[in-house]
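Structural description and commentary
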Amino acid sequence: MGITAFQTTDKIKAMQEQKLQDLLRHLSLHSPFYKELFARHHIDIKTIQTLEDLVNLPTTSKEDLQQRNNDFLCVDKNQIIEYASTSGTLGSPVTIALTENDLNRLTDNEYNSFKCADGSSADTYQLMLTLDRQFMAGIAYYSGLRKLGAGIIRLGPGVPSLQLETIQRLQPTAIVAVPSFILKLIQFARDAGIDLNKTSVKKAVCIGENIKNTDFSLNILGKKITEAWDIKLYSTYASTEMQTAFTECSEGKGGHLQPELVIVELLDEHNQPVAAHMPGEVTITTLGVEGMPLLRYKTGDICMYDDAPCVCGRTSLRLSPIIGRKKQMIKFKGTTLYPPALFDLLNEMEEVHDFVVEVYSNEIGMDEVLLHLVPADDSKACDNRIRAYLQARLRVSPHVAYINIEQIHKIQFTEASRKPIKFIDKRA
(Lines give C-alpha, C1' and ligand atoms only; values in the text may rest on other atoms or scores of the structure.)
Protein backbone atom coordinates (compact mmCIF):
# COMPACT_ATOMS: atom_id res chain seq x y z
CA MET A 1 0.00 0.00 0.00
CA GLY A 2 3.04 2.16 0.64
CA ILE A 3 2.88 5.38 -1.30
CA THR A 4 0.75 3.90 -4.12
CA ALA A 5 -2.46 3.94 -2.08
CA PHE A 6 -2.16 7.72 -1.70
CA GLN A 7 -1.86 8.39 -5.45
CA THR A 8 -4.70 9.51 -7.72
CA THR A 9 -7.10 6.81 -8.86
CA ASP A 10 -5.94 7.35 -12.47
CA LYS A 11 -2.31 6.68 -11.52
CA ILE A 12 -3.30 3.61 -9.50
CA LYS A 13 -5.34 2.27 -12.43
CA ALA A 14 -2.49 2.81 -14.92
CA MET A 15 -0.04 1.04 -12.60
CA GLN A 16 -2.43 -1.92 -12.11
CA GLU A 17 -3.02 -2.24 -15.86
CA GLN A 18 0.72 -2.41 -16.52
CA LYS A 19 1.14 -5.06 -13.83
CA LEU A 20 -1.88 -6.96 -15.21
CA GLN A 21 -0.19 -7.22 -18.62
CA ASP A 22 3.00 -8.45 -16.95
CA LEU A 23 0.93 -11.09 -15.15
CA LEU A 24 -0.85 -12.25 -18.32
CA ARG A 25 2.49 -12.71 -20.09
CA HIS A 26 3.86 -14.64 -17.10
CA LEU A 27 0.81 -16.93 -17.00
CA SER A 28 0.76 -17.54 -20.77
CA LEU A 29 4.42 -18.61 -20.66
CA HIS A 30 4.68 -20.53 -17.39
CA SER A 31 1.29 -21.66 -15.99
CA PRO A 32 0.03 -25.07 -17.18
CA PHE A 33 -3.46 -24.27 -15.84
CA TYR A 34 -3.83 -20.82 -17.42
CA LYS A 35 -2.18 -21.82 -20.72
CA GLU A 36 -4.87 -24.48 -21.08
CA LEU A 37 -7.61 -22.06 -19.95
CA PHE A 38 -6.57 -19.40 -22.48
CA ALA A 39 -6.46 -22.00 -25.29
CA ARG A 40 -9.84 -23.51 -24.36
CA HIS A 41 -11.54 -20.10 -24.36
CA HIS A 42 -9.60 -18.76 -27.41
CA ILE A 43 -8.23 -15.86 -25.39
CA ASP A 44 -5.68 -13.54 -26.95
CA ILE A 45 -4.06 -11.87 -23.93
CA LYS A 46 -3.11 -8.85 -26.07
CA THR A 47 -6.81 -7.89 -26.09
CA ILE A 48 -6.79 -7.50 -22.31
CA GLN A 49 -5.44 -3.98 -21.88
CA THR A 50 -7.56 -2.39 -19.13
CA LEU A 51 -9.16 -3.35 -15.83
CA GLU A 52 -12.55 -3.18 -17.57
CA ASP A 53 -11.35 -5.92 -19.97
CA LEU A 54 -11.07 -8.40 -17.09
CA VAL A 55 -14.76 -9.33 -17.51
CA ASN A 56 -13.78 -10.96 -20.82
CA LEU A 57 -11.68 -13.53 -18.96
CA PRO A 58 -13.08 -16.63 -17.21
CA THR A 59 -12.92 -16.81 -13.42
CA THR A 60 -10.91 -19.34 -11.43
CA SER A 61 -12.57 -21.25 -8.58
CA LYS A 62 -11.33 -22.72 -5.32
CA GLU A 63 -12.24 -26.14 -6.79
CA ASP A 64 -9.80 -25.51 -9.67
CA LEU A 65 -7.07 -24.82 -7.15
CA GLN A 66 -7.97 -27.86 -5.03
CA GLN A 67 -8.19 -30.28 -7.96
CA ARG A 68 -5.25 -29.02 -10.01
CA ASN A 69 -2.99 -27.48 -7.38
CA ASN A 70 0.33 -28.31 -9.08
CA ASP A 71 -0.81 -26.95 -12.47
CA PHE A 72 -0.84 -23.43 -10.99
CA LEU A 73 2.90 -23.53 -10.30
CA CYS A 74 4.83 -21.17 -12.62
CA VAL A 75 8.42 -21.83 -11.51
CA ASP A 76 10.81 -24.79 -11.20
CA LYS A 77 10.66 -26.56 -7.86
CA ASN A 78 14.19 -25.48 -7.02
CA GLN A 79 12.99 -21.84 -6.93
CA ILE A 80 10.45 -22.56 -4.19
CA ILE A 81 11.57 -21.36 -0.76
CA GLU A 82 8.38 -21.75 1.26
CA TYR A 83 5.31 -23.98 1.11
CA ALA A 84 2.23 -22.49 2.77
CA SER A 85 -1.22 -24.01 2.92
CA THR A 86 -4.80 -22.85 3.39
CA SER A 87 -6.69 -23.90 6.51
CA GLY A 88 -9.18 -25.95 4.49
CA THR A 89 -12.22 -24.13 5.87
CA LEU A 90 -14.12 -24.78 2.63
CA GLY A 91 -12.87 -28.23 1.63
CA SER A 92 -9.41 -29.74 1.27
CA PRO A 93 -6.39 -27.50 1.96
CA VAL A 94 -4.51 -25.91 -0.94
CA THR A 95 -0.72 -25.57 -1.08
CA ILE A 96 0.69 -22.20 -2.12
CA ALA A 97 4.36 -22.26 -3.16
CA LEU A 98 6.41 -19.06 -2.71
CA THR A 99 9.70 -17.98 -4.26
CA GLU A 100 12.22 -15.66 -2.59
CA ASN A 101 10.58 -12.72 -4.40
CA ASP A 102 7.14 -13.86 -3.22
CA LEU A 103 8.38 -13.91 0.38
CA ASN A 104 9.74 -10.39 -0.03
CA ARG A 105 6.37 -9.32 -1.46
CA LEU A 106 4.65 -10.93 1.54
CA THR A 107 6.96 -8.97 3.85
CA ASP A 108 6.11 -5.71 2.07
CA ASN A 109 2.42 -6.57 2.32
CA GLU A 110 2.48 -6.90 6.11
CA TYR A 111 4.88 -3.98 6.56
CA ASN A 112 2.33 -1.81 4.72
CA SER A 113 -0.51 -3.36 6.74
CA PHE A 114 1.07 -2.66 10.13
CA LYS A 115 1.93 0.89 9.03
CA CYS A 116 -1.70 1.34 7.98
CA ALA A 117 -2.77 0.13 11.44
CA ASP A 118 -0.60 2.83 13.08
CA GLY A 119 2.31 0.51 13.80
CA SER A 120 5.87 1.80 14.17
CA SER A 121 9.35 0.75 15.25
CA ALA A 122 8.46 2.00 18.75
CA ASP A 123 5.89 -0.82 19.11
CA THR A 124 6.30 -4.34 20.45
CA TYR A 125 3.78 -6.89 19.13
CA GLN A 126 2.80 -10.09 20.93
CA LEU A 127 1.83 -12.66 18.27
CA MET A 128 -0.98 -14.81 19.71
CA LEU A 129 -1.31 -16.99 16.63
CA THR A 130 0.00 -20.07 14.87
CA LEU A 131 3.54 -19.61 13.57
CA ASP A 132 3.95 -23.15 12.22
CA ARG A 133 1.80 -25.73 10.36
CA GLN A 134 2.35 -24.00 7.00
CA PHE A 135 0.35 -20.99 8.19
CA MET A 136 1.24 -18.14 5.84
CA ALA A 137 -0.08 -15.36 8.07
CA GLY A 138 2.27 -16.27 10.93
CA ILE A 139 5.41 -15.87 8.83
CA ALA A 140 3.92 -12.80 7.09
CA TYR A 141 3.28 -10.96 10.37
CA TYR A 142 6.73 -11.87 11.66
CA SER A 143 8.60 -10.72 8.55
CA GLY A 144 6.47 -7.55 8.18
CA LEU A 145 7.18 -6.56 11.78
CA ARG A 146 10.91 -7.18 11.28
CA LYS A 147 10.88 -4.79 8.33
CA LEU A 148 8.94 -2.27 10.44
CA GLY A 149 11.65 -2.54 13.11
CA ALA A 150 9.10 -3.34 15.82
CA GLY A 151 9.72 -5.70 18.71
CA ILE A 152 8.23 -9.20 18.29
CA ILE A 153 7.11 -11.70 20.93
CA ARG A 154 6.32 -15.06 19.26
CA LEU A 155 4.06 -16.75 21.75
CA GLY A 156 1.73 -18.75 19.54
CA PRO A 157 -2.00 -19.41 20.07
CA GLY A 158 -3.96 -20.19 23.23
CA VAL A 159 -2.88 -20.46 26.88
CA PRO A 160 -4.34 -17.25 28.41
CA SER A 161 -2.21 -17.60 31.57
CA LEU A 162 1.05 -17.58 29.57
CA GLN A 163 -0.16 -14.73 27.33
CA LEU A 164 -1.00 -12.59 30.34
CA GLU A 165 2.20 -13.39 32.21
CA THR A 166 4.19 -12.43 29.09
CA ILE A 167 2.27 -9.17 28.69
CA GLN A 168 3.10 -8.26 32.30
CA ARG A 169 6.75 -9.27 31.94
CA LEU A 170 7.67 -7.96 28.46
CA GLN A 171 5.13 -5.12 28.18
CA PRO A 172 4.09 -5.27 24.49
CA THR A 173 2.21 -2.26 23.14
CA ALA A 174 0.10 -4.33 20.72
CA ILE A 175 -1.22 -7.83 20.13
CA VAL A 176 -2.15 -9.77 16.99
CA ALA A 177 -4.91 -12.25 17.79
CA VAL A 178 -8.22 -13.88 16.87
CA PRO A 179 -10.96 -11.75 18.53
CA SER A 180 -12.72 -14.67 20.26
CA PHE A 181 -9.39 -15.52 21.93
CA ILE A 182 -9.06 -11.92 23.17
CA LEU A 183 -12.41 -12.51 24.94
CA LYS A 184 -10.95 -15.61 26.61
CA LEU A 185 -7.96 -13.53 27.71
CA ILE A 186 -10.33 -10.92 29.17
CA GLN A 187 -12.24 -13.60 31.09
CA PHE A 188 -9.02 -15.14 32.43
CA ALA A 189 -7.77 -11.72 33.58
CA ARG A 190 -11.14 -11.02 35.24
CA ASP A 191 -11.05 -14.37 37.08
CA ALA A 192 -7.44 -13.72 38.15
CA GLY A 193 -8.26 -10.20 39.39
CA ILE A 194 -5.97 -8.54 36.83
CA ASP A 195 -6.91 -5.16 35.35
CA LEU A 196 -6.02 -5.32 31.65
CA ASN A 197 -6.39 -1.54 31.36
CA LYS A 198 -3.30 -1.20 33.55
CA THR A 199 -1.18 -3.26 31.14
CA SER A 200 1.03 -1.87 28.37
CA VAL A 201 -1.25 -3.08 25.52
CA LYS A 202 -2.96 -0.22 23.65
CA LYS A 203 -4.05 -1.84 20.37
CA ALA A 204 -4.95 -5.15 18.75
CA VAL A 205 -4.74 -6.27 15.14
CA CYS A 206 -7.69 -8.66 14.82
CA ILE A 207 -7.43 -11.61 12.44
CA GLY A 208 -9.70 -14.41 11.25
CA GLU A 209 -13.03 -13.11 12.60
CA ASN A 210 -15.26 -10.07 12.09
CA ILE A 211 -15.29 -7.41 14.81
CA LYS A 212 -17.36 -4.98 12.74
CA ASN A 213 -20.79 -4.80 11.12
CA THR A 214 -21.01 -3.84 7.45
CA ASP A 215 -21.61 -0.20 8.48
CA PHE A 216 -18.22 -0.39 10.30
CA SER A 217 -19.77 -0.12 13.77
CA LEU A 218 -18.42 -2.67 16.24
CA ASN A 219 -20.36 -5.93 16.28
CA ILE A 220 -21.11 -7.80 19.51
CA LEU A 221 -17.66 -9.41 19.61
CA GLY A 222 -15.95 -6.04 19.07
CA LYS A 223 -18.13 -4.37 21.71
CA LYS A 224 -17.48 -7.10 24.28
CA ILE A 225 -13.73 -6.63 23.84
CA THR A 226 -13.70 -2.81 23.99
CA GLU A 227 -16.17 -2.61 26.89
CA ALA A 228 -13.82 -4.73 28.99
CA TRP A 229 -10.48 -3.51 27.63
CA ASP A 230 -9.83 0.04 26.44
CA ILE A 231 -7.74 -0.80 23.36
CA LYS A 232 -7.93 0.25 19.72
CA LEU A 233 -9.03 -2.57 17.41
CA TYR A 234 -7.97 -2.87 13.77
CA SER A 235 -9.82 -5.24 11.42
CA THR A 236 -8.04 -7.25 8.74
CA TYR A 237 -9.13 -9.42 5.84
CA ALA A 238 -6.73 -11.74 4.05
CA SER A 239 -6.37 -15.15 2.48
CA THR A 240 -3.43 -17.45 1.79
CA GLU A 241 -4.26 -17.59 -1.92
CA MET A 242 -4.06 -13.82 -2.47
CA GLN A 243 -0.88 -13.45 -0.34
CA THR A 244 -2.16 -9.97 0.55
CA ALA A 245 -4.05 -8.32 3.42
CA PHE A 246 -6.72 -5.62 3.55
CA THR A 247 -6.11 -3.71 6.81
CA GLU A 248 -7.99 -0.87 8.47
CA CYS A 249 -6.42 2.49 9.22
CA SER A 250 -7.28 4.46 12.38
CA GLU A 251 -10.50 5.69 10.71
CA GLY A 252 -11.85 2.13 10.91
CA LYS A 253 -13.93 2.36 7.73
CA GLY A 254 -12.88 -0.83 5.94
CA GLY A 255 -9.74 -2.70 4.93
CA HIS A 256 -7.56 -0.79 2.47
CA LEU A 257 -6.64 -2.37 -0.86
CA GLN A 258 -2.91 -2.56 -1.55
CA PRO A 259 -3.21 -1.68 -5.26
CA GLU A 260 0.33 -2.67 -6.22
CA LEU A 261 -0.22 -6.21 -4.88
CA VAL A 262 -3.72 -7.21 -6.01
CA ILE A 263 -6.64 -6.23 -8.25
CA VAL A 264 -9.98 -6.82 -6.56
CA GLU A 265 -13.38 -7.20 -8.22
CA LEU A 266 -16.69 -7.78 -6.44
CA LEU A 267 -18.84 -9.93 -8.69
CA ASP A 268 -22.50 -10.90 -8.85
CA GLU A 269 -23.94 -14.34 -9.72
CA HIS A 270 -23.16 -13.74 -13.42
CA ASN A 271 -19.53 -12.74 -12.77
CA GLN A 272 -20.32 -9.09 -13.49
CA PRO A 273 -18.97 -6.29 -11.25
CA VAL A 274 -21.37 -4.91 -8.62
CA ALA A 275 -21.67 -1.22 -7.73
CA ALA A 276 -20.15 0.30 -4.57
CA HIS A 277 -22.01 -0.59 -1.34
CA MET A 278 -23.59 -3.69 -2.96
CA PRO A 279 -22.70 -7.26 -1.89
CA GLY A 280 -20.48 -9.22 -4.28
CA GLU A 281 -18.03 -12.11 -4.23
CA VAL A 282 -14.45 -10.97 -3.63
CA THR A 283 -12.50 -11.96 -6.75
CA ILE A 284 -8.78 -11.28 -6.84
CA THR A 285 -5.97 -11.07 -9.39
CA THR A 286 -2.55 -11.20 -7.75
CA LEU A 287 0.14 -8.77 -8.94
CA GLY A 288 3.87 -9.42 -8.66
CA VAL A 289 3.51 -13.08 -7.60
CA GLU A 290 5.99 -15.49 -9.25
CA GLY A 291 5.27 -18.93 -7.82
CA MET A 292 1.48 -19.30 -7.91
CA PRO A 293 -0.17 -16.20 -9.36
CA LEU A 294 -3.96 -16.17 -9.72
CA LEU A 295 -6.24 -14.50 -12.27
CA ARG A 296 -9.85 -13.59 -11.38
CA TYR A 297 -9.83 -16.04 -8.45
CA LYS A 298 -13.18 -16.23 -6.66
CA THR A 299 -12.53 -16.39 -2.92
CA GLY A 300 -16.08 -17.37 -1.90
CA ASP A 301 -16.24 -14.37 0.47
CA ILE A 302 -19.13 -11.92 0.14
CA CYS A 303 -18.25 -8.27 0.90
CA MET A 304 -19.12 -4.73 -0.15
CA TYR A 305 -16.70 -1.99 -1.18
CA ASP A 306 -16.34 1.75 -0.87
CA ASP A 307 -14.30 3.61 -3.50
CA ALA A 308 -14.52 7.09 -1.97
CA PRO A 309 -11.17 8.48 -0.71
CA CYS A 310 -10.52 7.80 2.99
CA VAL A 311 -9.98 10.56 5.53
CA CYS A 312 -6.51 9.08 6.11
CA GLY A 313 -5.52 10.25 2.60
CA ARG A 314 -5.50 6.84 0.91
CA THR A 315 -7.51 6.76 -2.31
CA SER A 316 -7.54 2.98 -2.76
CA LEU A 317 -10.73 0.95 -2.49
CA ARG A 318 -11.83 -0.34 0.94
CA LEU A 319 -13.58 -3.63 1.72
CA SER A 320 -16.33 -4.11 4.30
CA PRO A 321 -16.21 -6.96 6.81
CA ILE A 322 -17.19 -10.33 5.32
CA ILE A 323 -20.98 -10.65 5.13
CA GLY A 324 -20.65 -14.38 4.64
CA ARG A 325 -19.13 -17.08 2.50
CA LYS A 326 -20.96 -18.02 -0.66
CA LYS A 327 -20.71 -21.74 0.03
CA GLN A 328 -21.77 -21.33 3.66
CA MET A 329 -25.06 -19.61 2.88
CA ILE A 330 -27.85 -21.42 4.72
CA LYS A 331 -31.43 -21.65 3.42
CA PHE A 332 -33.33 -22.56 6.56
CA LYS A 333 -37.15 -22.71 6.60
CA GLY A 334 -37.43 -19.93 4.02
CA THR A 335 -34.82 -17.72 5.69
CA THR A 336 -31.35 -17.01 4.26
CA LEU A 337 -28.65 -17.04 6.94
CA TYR A 338 -24.88 -16.55 6.88
CA PRO A 339 -22.74 -17.94 9.73
CA PRO A 340 -21.33 -14.51 10.79
CA ALA A 341 -24.87 -13.28 11.54
CA LEU A 342 -25.49 -16.39 13.67
CA PHE A 343 -22.15 -15.88 15.44
CA ASP A 344 -23.13 -12.29 16.31
CA LEU A 345 -26.43 -13.49 17.69
CA LEU A 346 -24.82 -16.17 19.87
CA ASN A 347 -22.01 -13.87 21.02
CA GLU A 348 -24.51 -11.34 22.37
CA MET A 349 -26.39 -13.91 24.49
CA GLU A 350 -25.28 -13.91 28.13
CA GLU A 351 -26.91 -17.34 28.49
CA VAL A 352 -24.43 -18.84 25.96
CA HIS A 353 -20.77 -19.18 26.93
CA ASP A 354 -19.54 -20.89 23.75
CA PHE A 355 -20.97 -22.43 20.58
CA VAL A 356 -20.50 -24.31 17.32
CA VAL A 357 -22.98 -23.99 14.44
CA GLU A 358 -23.57 -27.19 12.47
CA VAL A 359 -25.52 -27.38 9.19
CA TYR A 360 -26.66 -30.64 7.59
CA SER A 361 -29.18 -31.83 4.99
CA ASN A 362 -32.41 -33.48 6.11
CA GLU A 363 -34.07 -36.44 4.36
CA ILE A 364 -35.57 -34.19 1.67
CA GLY A 365 -32.32 -32.32 1.00
CA MET A 366 -33.22 -29.13 2.89
CA ASP A 367 -30.79 -27.31 5.21
CA GLU A 368 -31.11 -27.96 8.95
CA VAL A 369 -29.27 -26.00 11.64
CA LEU A 370 -28.00 -27.56 14.88
CA LEU A 371 -26.47 -25.30 17.53
CA HIS A 372 -24.03 -26.94 19.96
CA LEU A 373 -24.19 -24.59 22.95
CA VAL A 374 -22.43 -24.30 26.30
CA PRO A 375 -25.20 -22.73 28.45
CA ALA A 376 -24.61 -20.43 31.42
CA ASP A 377 -26.41 -23.01 33.57
CA ASP A 378 -28.50 -26.17 33.22
CA SER A 379 -31.80 -24.67 34.34
CA LYS A 380 -35.05 -24.86 32.42
CA ALA A 381 -35.30 -21.06 32.69
CA CYS A 382 -31.97 -20.64 30.87
CA ASP A 383 -33.10 -23.05 28.15
CA ASN A 384 -36.39 -21.14 27.75
CA ARG A 385 -34.57 -17.80 27.44
CA ILE A 386 -32.18 -19.18 24.80
CA ARG A 387 -34.96 -20.71 22.70
CA ALA A 388 -37.21 -17.65 22.96
CA TYR A 389 -34.35 -15.33 21.96
CA LEU A 390 -33.42 -17.47 18.93
CA GLN A 391 -37.04 -17.61 17.80
CA ALA A 392 -37.46 -13.84 18.20
CA ARG A 393 -34.25 -12.92 16.37
CA LEU A 394 -34.23 -15.59 13.63
CA ARG A 395 -38.00 -16.07 13.27
CA VAL A 396 -37.19 -19.79 12.91
CA SER A 397 -36.15 -22.32 15.55
CA PRO A 398 -32.87 -24.19 15.00
CA HIS A 399 -32.15 -27.46 16.82
CA VAL A 400 -30.20 -26.99 20.06
CA ALA A 401 -27.84 -29.44 21.78
CA TYR A 402 -26.34 -28.47 25.16
CA ILE A 403 -22.80 -29.64 25.89
CA ASN A 404 -20.04 -28.73 28.36
CA ILE A 405 -16.76 -26.85 27.85
CA GLU A 406 -14.66 -30.01 27.42
CA GLN A 407 -17.02 -31.38 24.78
CA ILE A 408 -17.10 -28.16 22.78
CA HIS A 409 -13.30 -27.87 22.83
CA LYS A 410 -13.10 -31.35 21.28
CA ILE A 411 -15.31 -30.12 18.42
CA GLN A 412 -13.57 -26.74 18.04
CA PHE A 413 -9.96 -27.88 18.18
CA THR A 414 -9.22 -30.81 15.90
CA GLU A 415 -5.62 -31.93 15.48
CA ALA A 416 -5.29 -30.07 12.17
CA SER A 417 -7.11 -26.85 13.13
CA ARG A 418 -5.19 -23.58 13.49
CA LYS A 419 -8.10 -21.64 14.95
CA PRO A 420 -11.28 -22.66 16.78
CA ILE A 421 -13.88 -24.19 14.48
CA LYS A 422 -17.21 -22.37 14.87
CA PHE A 423 -18.99 -23.68 11.77
CA ILE A 424 -19.36 -27.27 10.58
CA ASP A 425 -20.98 -27.93 7.19
CA LYS A 426 -22.18 -31.52 6.79
CA ARG A 427 -24.35 -30.85 3.75
CA ALA A 428 -23.84 -33.11 0.76
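Residues numbered from 1 in each chain as written. Predicted model: local features only at pLDDT ≥ 70, side-chain atom pairs only at ≥ 80, totals over all residues. Heavy atoms only, no water.

1. Observations concerning helix α6 (residues 160-170)
- Restricting attention to buried positions, one finds in α6 the residues Q163, L164, T166 and I167. Projection of α6 onto a plane perpendicular to its axis shows the buried side chains occupying an angular sector of 160 degrees, all on one side.
- Its buried side turned inward, α6 meets β3 (124-127), β4 (151-154) and α7 (179-191).
- With its phi angle positive at about 55 degrees, Q171 sits one or two positions after the end of α6. (Buried < 20%, exposed > 50% of the residue type's maximum accessible area, 1.4 Å probe, protein only. Helix = DSSP H or I, 4+ residues; strand = E, 2+ residues; numbered from the N terminus. Arc of directions from axis to C-beta. Contact = heavy atoms within 4.5 Å.)

2. Some points on the packing of aromatic side chains
- With the rule as written, the count across this model stands at eight aromatic pairs.
- Considering the side-chain rings of Y34 and F72, the 5.7 Å spacing of their centres and the 85 degrees angle between planes classify their relative orientation as edge-to-face. With a gap of 38 residues between them, Y34 in helix α2 (residues 32-40) and F72 in the loop between α3 (62-67) and β1 (80-85) connect regions that are remote in the sequence.
- Judged by its relative accessible area of 0%, Y34 is buried.
- An aromatic cluster is present here, built from F33, Y34, F38 and F72 joined pairwise through their rings.
- The ring of Y111 has K147 sitting right over it, with the charged end atom 5.0 Å from the ring centre.
- One residue, K422, lies across the ring of F355, its end atom 4.4 Å from the ring centre. (Phe/Tyr/Trp six-rings, centres within 6.5 Å; stacked < 30°, edge-to-face > 60°. Lys NZ or Arg CZ within 6 Å of the ring centre and 35° of its normal.)

3. Topic: the sheet that holds strand β21 (residues 423-425)
- Strand order in the open sheet made by the four strands is β20-β19-β18-β21, with mixed pairing throughout. Edge positions in the open sheet fall to β20 (399-402) and β21, since each of these has one partner strand only. Each neighbouring strand pair of the sheet contributes to a mean axis angle of 20 degrees, computed without reference to strand direction.
- Against the sheet, helix α9 (residues 339-347) makes contact with β18 (352-361), β19 (367-375) and β21, and its axis sits at roughly 150 degrees relative to β18, the strand it touches most. (Pairing = 2+ DSSP bridges. Axes fitted to C-alpha atoms, helices over the stretch in contact; angles between N-to-C directions.)

4. Things to note about the pattern of salt bridges
- Scanning the entire structure with this criterion turns up 23 salt bridges.
- Where R387 meets D383, a salt bridge forms, and the shortest distance between an N and an O atom there is 2.7 Å. Note that R387 and D383 are positioned in helix α10 (residues 380-394) at a spacing of four residues, about one turn of the helix.
- A relative accessible area of 38% means that R387 is categorised as partly exposed.
- One continuous salt-bridge network, built from bridges that share partners, spans E36, R40, R68 and D71. (Salt bridge = Lys/Arg side-chain N within 4 Å of Asp/Glu carboxyl O.)

5. Concerning the pairing of strand β7 (residues 232-239)
- Both strand β6 (residues 203-206) and β7 contribute to a ladder of four bridges, which runs parallel. Within β7, the position partnered with C206 by the bridge is S235.
- Remark: four residues form the turn of the hairpin made by β7 and strand β8 (residues 244-247), two consecutive strands paired antiparallel; Q243 in that turn has positive phi of roughly 55 degrees.

6. As for the environment of R296
- Structurally, R296 can be placed in the loop between β11 (280-286) and β12 (297-303).
- Looking at R296, the relative accessible area reads 1%, which means it is buried.
- In the structure, R296 is positioned 32 residues away from V264 in sequence and 8.3 Å away in space, judged by C-alpha atoms.
- Polar contacts involving the side chain of R296 include one to the main-chain carbonyl oxygen of L54, which spans 3.2 Å.
- Within the local environment of R296, its side chain forms a polar contact with the backbone oxygen of L57, the two atoms lying 2.6 Å apart. (Polar contact = N/O pair within 3.5 Å; in protein donor to acceptor, adjacent residues only side chain to side chain.)

7. Topic: the environment of C312
- Topologically, C312 is positioned in the loop between β13 (305-306) and β14 (318-319).
- You can call C312 partly exposed: its relative accessible area is 26%.
- Sequence spacing of C312 and S250 is 62 residues, and the spatial spacing of their C-alpha atoms is 7.8 Å.
- Once you skip the residues sitting within four places of it in the chain, C312 turns out to touch F6, C249, E251 and H256.

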